[in-house]
Amino acid sequence: MLVKRILAILVVFLISLSIARGNNKVLNPAGDVKAIRGLLDLRNWDFERNGIVELSGEYDFYWDELLDPSHTSSNTAISHDYISVPGVWNEKQVEAHSLPGQGVATYKLKVLLNKTKVPLAFKFLDMATAFKFYCNGKLLTEVGQVGTTRATSEPAYLPQVVEFSADTTVLDLTILVSNFHHKKGGVWEKILLGTNADIHAKREKNIFTDIFLFASIFIIGIYHIILSLMRRQAHATLYFGLCCLLISMRRLLTSEVYFLKLFPFTSWTALCRLEYLTIFLVVPIFALFFYSLYKEDFNKPIFHAILIMGIVLSLIVLFTPVRIFSYTIPTYQTYLVFSCLYGFYVLIMSIRHKREGARLLLLGFFILFITIMNDILEYSWHLHTNEIVAFGQLGFIGSLTILIAYRYSNAFRTLDLQKAELSVTNEKYRHELQERIRTEKENKDLHEKLVRAQKMETIGLLAGGVAHDLNNILSGIVSYPDLLLQDLKSGSSLHTALTTIKNSGLKAAAVVQDLLTLARRGVMNFEPVNMNFIIKEFLFSPEYFQLKETHKNIEFVTNLDDKLFNIIGSPIHLRTSINNLVLNAAEAQTSGGKVTISTQNRYIDKPMRAYEEIEEGTYVVCRIEDEGAGIEPEAIKRIFEPFYTKKVMGRSGTGLGMPVVWGVVHDHKGFIDITSAPGQGTTFDLYFKMTDEELIKDEDAIPVDEYMGNGEKILIVDDVEEQRFIAGRILQRLNYTVITARSGEEAVDFLKTNEVDLLLLDMVMDPGIDGYETYKQIIRLHPHMRAVIASGYSETDLVRKAQALGAGKYIKKPYMFEKIGLAVKQELEREKI
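A word on the overall build of the protein. Along its length, the protein carries 23 helices and 25 strands. Of the contacts made within the protein by residues no fewer than 6 positions apart, 73% connect residues no fewer than 24 positions apart.

In the structure shown here, the tally under the stated rule is 31 aromatic pairs. The interplanar angle of 75° and the centroid separation of 6.3 Å between the aromatic rings of Tyr59 and Tyr107 together place this pair among those described as edge-to-face. A residue pair is termed long-range when its members are at least 10 positions apart, and Tyr59 in strand β3 (residues 57–63) and Tyr107 in strand β7 (residues 103–113) qualify at 48 residues. Each member of the pair, Tyr59 as well as Tyr107, carries the same accessibility label: buried.

Take the pairing of strand β19 (residues 671–676) next. Bridge count for β19 against strand β20 (residues 682–691) is 6 bridges, and the pairing is antiparallel. Bridging from a neighbouring strand, Ser676 pairs with Thr682 of β20. Between β19 and β20, which pair antiparallel one after the other, the connecting turn spans 5 residues, and Gly679 there sits at a positive phi close to 85°.

Turning to the nonpolar core, a few remarks are in order. In this structure, Met531, Val582, Ile624 and Leu760 are the most contacted members of the largest nonpolar core, which totals 58 residues. By residue number, the principal contributor to this core is helix α16 (residues 571–587), which donates 6 residues. Residues Phe290, Leu307, Ile329 and Tyr335 belong to the second largest nonpolar core, which totals 55 residues.

We now examine the packing of helix α6 (residues 268–280) against helix α8 (residues 300–319). Where α6 meets α8, the axes come as close as 10 Å, and the angle between the chain directions of the two elements is 175°. The angle between α6 and α8 places the two elements in the roughly antiparallel class. Here Arg273, Tyr276, Leu277 and Phe280 of α6 lie close against α8, whose contacting residues are Gly310, Leu313, Ser314, Val317, Leu318 and Phe319. A per-class count over the contact of α6 with α8 returns 7 nonpolar, 2 polar and 1 charged.

Going through the model one piece at a time under the given rule, you end up with 15 salt bridges. Linking Arg830 and Glu827 is a salt bridge whose minimum nitrogen-to-oxygen distance equals 2.5 Å.

Spatially, 4 strands are ordered β2-β13-β8-β11 in an open sheet, and the strand pairing comes out antiparallel. The strands lining the two open edges of the sheet, one partner per strand, are β2 (53–54) and β11 (160–164). In terms of strand pairing, β2 meets strand β13 (residues 192–195) through 2 bridges, oriented antiparallel. Bridging across to β13, Glu54 finds its partner in Leu192. In the packing of helix α3 (residues 196–230) onto the sheet, contacts are made with β8 (120–124), β11 and β13, and the angle to β13 comes to roughly 120°.

Attention now moves to a nonpolar patch on the surface. A grouping of Phe218, Ile219, Ile222, Ile226 and Met230 is seen on the molecular surface, where their side chains present a nonpolar patch of about 480 Å² in accessible area. The exposed category is assigned to Met230, whose relative accessible area is 66%.

One open sheet accounts for 5 strands, arranged β22-β21-β23-β24-β25; its pairing is parallel. Looking at the sheet topology across the chains shown, the edges are occupied by β22 (737–741) and β25 (810–812). Pairwise comparison of adjacent strand axes, ignoring direction, gives a mean angle of 20° for this sheet. In terms of strand pairing, strand β21 (residues 713–717) meets β22 through 5 bridges, oriented parallel. Directly across from Val717, in β22, lies its bridge partner Ala741. Packed on one face of the sheet, helix α21 (residues 771–781) meets β23 (758–762) and β24 (786–791) and runs near 155° to β23.

Further remarks concern the confidence of the model for the protein. When the pLDDT values of the protein are averaged, the result is 80; 78% of them are 70 or greater. Confidence drops under a pLDDT of 50 for residues 1–26, and excluding neighbours within four residues, the segment shows 28 contacts in the predicted structure.

The end-to-end C-alpha distance of helix α4 (residues 235–253) is 28 Å, a good match for the 27 Å that 19 residues give at a rise of 1.5 Å each. Remark: Ser255 follows α4 within two positions and exhibits a positive phi of approximately 55°.

Moving on, we come to a negative patch on the surface. Taken together, the side chains of Glu527, Asp692, Glu693 and Glu694 define an acidic patch exposed on the protein surface. Mapped onto the elements of the fold, Asp692 is located in the loop between β20 and β21.

What follows concerns the pairing of strand β1 (residues 39–42). Only one face of β1 is buried: it carries Leu40 and Leu42, and the other face, with Leu39 and Asp41, is open. Where β1 and β7 come together, 4 bridges link them in parallel fashion. Note on β7: the bridge partner recorded for Leu40 is Val111.

For α21, the full list of buried residues reads Gly771, Tyr772, Thr774, Tyr775, Ile778 and Ile779. Seen along its axis, α21 keeps its buried residues to an arc of 155°; they face one direction. On the buried face of α21, the contacting elements are α20 (744–751), β23, β24 and α22 (797–805). Where α21 begins, one side-chain oxygen reaches toward the backbone nitrogen of Tyr772, 3.3 Å away; that side chain belongs to Asp770.

At a minimum axis separation of 11 Å, α8 and helix α10 (residues 329–352) run at an interaxial angle of 155°. Relative to α10, α8 is oriented roughly antiparallel. The way α8 lies across α10 gives a crossing that is left-handed. Along the contact surface, α8 presents Ile302, Ile306, Met309, Gly310 and Leu313, while α10 presents Thr331, Tyr332, Tyr335, Phe338, Ser339 and Tyr342. Across the contact of α8 with α10, the residue classes break down as 8 nonpolar, 3 polar and no charged.

About the cut-offs
- Residues numbered from 1 in each chain as written.
- Predicted model: local features only at pLDDT ≥ 70, side-chain atom pairs only at ≥ 80, totals over all residues.
- Heavy atoms only, no water.
- Helix = DSSP H or I, 4+ residues; strand = E, 2+ residues; numbered from the N terminus.
- Contact = heavy atoms within 4.5 Å.
- Phe/Tyr/Trp six-rings, centres within 6.5 Å; stacked < 30°, edge-to-face > 60°.
- Buried < 20%, exposed > 50% of the residue type's maximum accessible area, 1.4 Å probe, protein only.
- Pairing = 2+ DSSP bridges.
- Core = buried A, V, L, I, M, F, W, Y, C linked by side-chain atoms within 4.5 Å.
- Axes fitted to C-alpha atoms, helices over the stretch in contact; angles between N-to-C directions.
- Parallel < 35°, antiparallel > 145°, perpendicular 65-115°, else oblique.
- Nonpolar A, V, L, I, M, F, W, Y, C, P; charged D, E, K, R; others polar.
- Salt bridge = Lys/Arg side-chain N within 4 Å of Asp/Glu carboxyl O.
- Patch = residues over 30% accessible without salt bridge, like charges linked within 9 Å, V, L, I, M, F, W, Y side chains within 5 Å.
- Areas by Shrake-Rupley, 256 points an atom, 1.4 Å probe, with all protein chains shown as cover.
- pLDDT = per-residue confidence, 0-100.
- Expected span 1.5 Å × (residues − 1).
- Lys, Arg positive; Asp, Glu negative; His and termini not counted.
- Charge placed at Lys NZ, Arg CZ, Asp CG, Glu CD.
- Arc of directions from axis to C-beta.
- Polar contact = N/O pair within 3.5 Å; in protein donor to acceptor, adjacent residues only side chain to side chain.
- Left-handed = near helix turned anticlockwise from the far one by under 90°.

So, in structure tokens, the structure goes:
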């Protein structure tokens with residue numbers, strides 16, 4: 001009953017595959033579009049409606065000639081014949097002589113088209129064994145090296161799509177073919193013509209089918225090989241797995257030859273050897289598989305003959321050149337058919353002897369045999385169908401997989417019965433052992449949870465208790481001054497004092513909020529802020545004045561970038577972080593010293609390894625630097641742990657300051673870097689992502705009208721999407737037409753067919769060519785191309801070399817509205833060199 005269900009599933013599966021296979025657009029429906037005597041009339045063919053067309057039929061054929069594309073059929077000085085494409089020239093009668101497989105020839109075809117604006121493309125698989133393809137006298141592609149002797153020619157297979165623009169309604173196609181390395185020569189595969197979209201879609205569909213079949217069969221093979229290694233007696237499983245690997249490998253070596261995508265440096269000879277070995281070895285290995293299943297029904301002399309023949313053919317492939325072993329295909333086909341017929345005999349005998357799974361295997365083998373015969377007839381040009389053996393192989397492998405799974409299922413069922421008897425005996429002991437292990441694990445987990453709970457309970461109690469008490473106290477400090485301020489007359493001398501008290505209370509409330517943040521109870525309110533304002537606010541706070549009073553021997557220095565970008569953040573929490581870091585920096589210098597607070601914009605081209613890995617992007621960096629004793633490496637690793645402190649309790653160390661900094665920075669999606677060594681001071685860098693909201697405007701800014709554009713075309717070349725977006729937005733607002741390129745190569749390709757007024761060129765791009773090489777290639781196309789160079793680094797030799805070639809101003813990232821506007825305007829107004 002189970003076998004019958006499996007058979008039904010297999011049949012449905014194969015029918016589904018055949019339907020999927022037939023779902024392609026019909027090419028040349030009803031065979032009514034064929035070339036006749038070197039002319040293919042497609043004037044009634046609509047590529048957008050009818051789809052892809054095969055360039056099949058009779059081509060002008062010039063044997064032993066490699067003619068220039070300008071030669072026409074009307075030139076009677078050179079005799080010619082007609083030949084069917086696809087096909088080979090072997091045995092073709094020319095001047096009462098049969099042509100050999102090796103030689104050279106020219107194919108010509110004239111194609112008549114309707115006028116079309118849709119870009120077209122040709123699709124090639126391969127030809128035997130090197131060719132050049134011309135369209136209207138222009139060389140579109142060349143595979144291998146076409147020559148007149150074996151020494152001057154070089155074979156190659158390279159399936160490809162070649163795009164072109166149909167500027168005329170007549171296509172004169174010329175194909176120069178040479179073959180001195182294979183039994184067969186000529187244009188033996190279909191050439192397709194269609195729209196770019198249709199041709200690429202067909203190629204992608206072919207590749208998907210090949211990869212799907214490869215992956216499906218390969219995974220099945222690996223699975224069964226692993227099974228055989230785990231159970232050494234399972235020889236059938238091993239042979240089946242090896243067959244699957246050979247069959248799956250063949251999918252990558254035929255059709256679109258995706259193997260070359262994975263291993264592009266594979267030689268043509270090696271490719272042919274692999275292709276032949278995958279079919280020559282599969283027969284003896286399949287024979288071993290059948291023999292391991294139904295040994296009693298095999299005739300041993302026939303079995304040994306099948307093995308020996310497969311090995312001999314494989315050795316010929318390994319130790320002779322392609323032009324020799326390609327003659328073995330007819331022998332192999334005879335050997336294959338004989339082996340299949342003998343396989344039918346063995347399976348029929350196995351069914352008569354009621355061997356397990358023989359019926360299922362016979363069905364799968366029959367499907368495989370039908371597809372094999374189809375492909376043999378197609379190879380010998382008796383049929384013009386697609387290769388379908390891969391689907392037959394997949395169906396056969398499916399039946400084998402089901403058979404092996406069924407056998408394993410029976411084996412496991414027997415094993416389960418044996419295990420059940422043993423489990424009854426050992427159940428009590430196993431239960432006790434599992435209980436002991438579970439109890440020990442639970443105890444360990446409970447202990448770890450208790451330690452974590454105690455630690456977090458301490459933090460929670462501190463945060464909750466302190467917050468509760470301080471909020472009660474602060475309500476008076478904040479509320480009463482507020483009430484008094486309402487009653488004060490305008491101009492009262494108490495107004496300033498009460499306002500200071502109220503603001504101090506509010507800042508103390510911010511500390512409470514910080515404690516709640518540490519315990520993850522608080523909620524941050526994010527808004528566009530500027531770190532310069534945060535720092536200046538801190539410098540006018542009571543905390544800072546108290547700090548200066550306490551540490552009179554410390555010099556506090558600021559170095560703030562007056563063009564600092566904004567960030568999205570919580571002012572209260574950011575100021576608390578600055579306060580904590582400055583306090584730590586001051587207390588690290590017991591004998592006096594200096595604390596420096598600085599800010600800057602910084603662009604990072606690629607991820608930077610620091611205390612933690614910092615992503616690429618544009619950042620606002622706040623630096624707190626001291627000249628203290630430094631931090632030991634062991635302490636740096638633990639510096640952000642709650643309650644970890646090297647300070648003397650009772651002074652100011654609570655162990656919460658640095659965890660607050662860590663939490664705040666990461667809640668802002670920022671990063672922290674620490675540079676420190678004993679005796680050399682410590683530097684903390686806080687990285688925050690910049691935002692273009694509420695850009696800082698310089699009071700002395702130059703009027704925008706002075707550097708507005710007039711619609712000039714500017715090509716932005718940068719490998720970072722964020723930088724292209726920012727620069728594009730700025731230049732568009734300045735009335736420029738913006739085009740972007742993700743790499744130097746993309747920019748060069750664009751400018752081969754287009755023109756722009758100026759380049760905004762990034763100097764460091766990875767991977768690919770850098771800005772200098774990009775500009776060098778562009779000025780070969782456009783000698784007077786203007787360019788503005790941009791980089792996140794300081795001016796380098798590459799920048800100066802680019803300027804020596806003719807590039808203009810250099811601007812340092814991150815981009816500023818005025819800076820980029822002035823640079824572009826000045827470069828556009830600069831006289832050409």
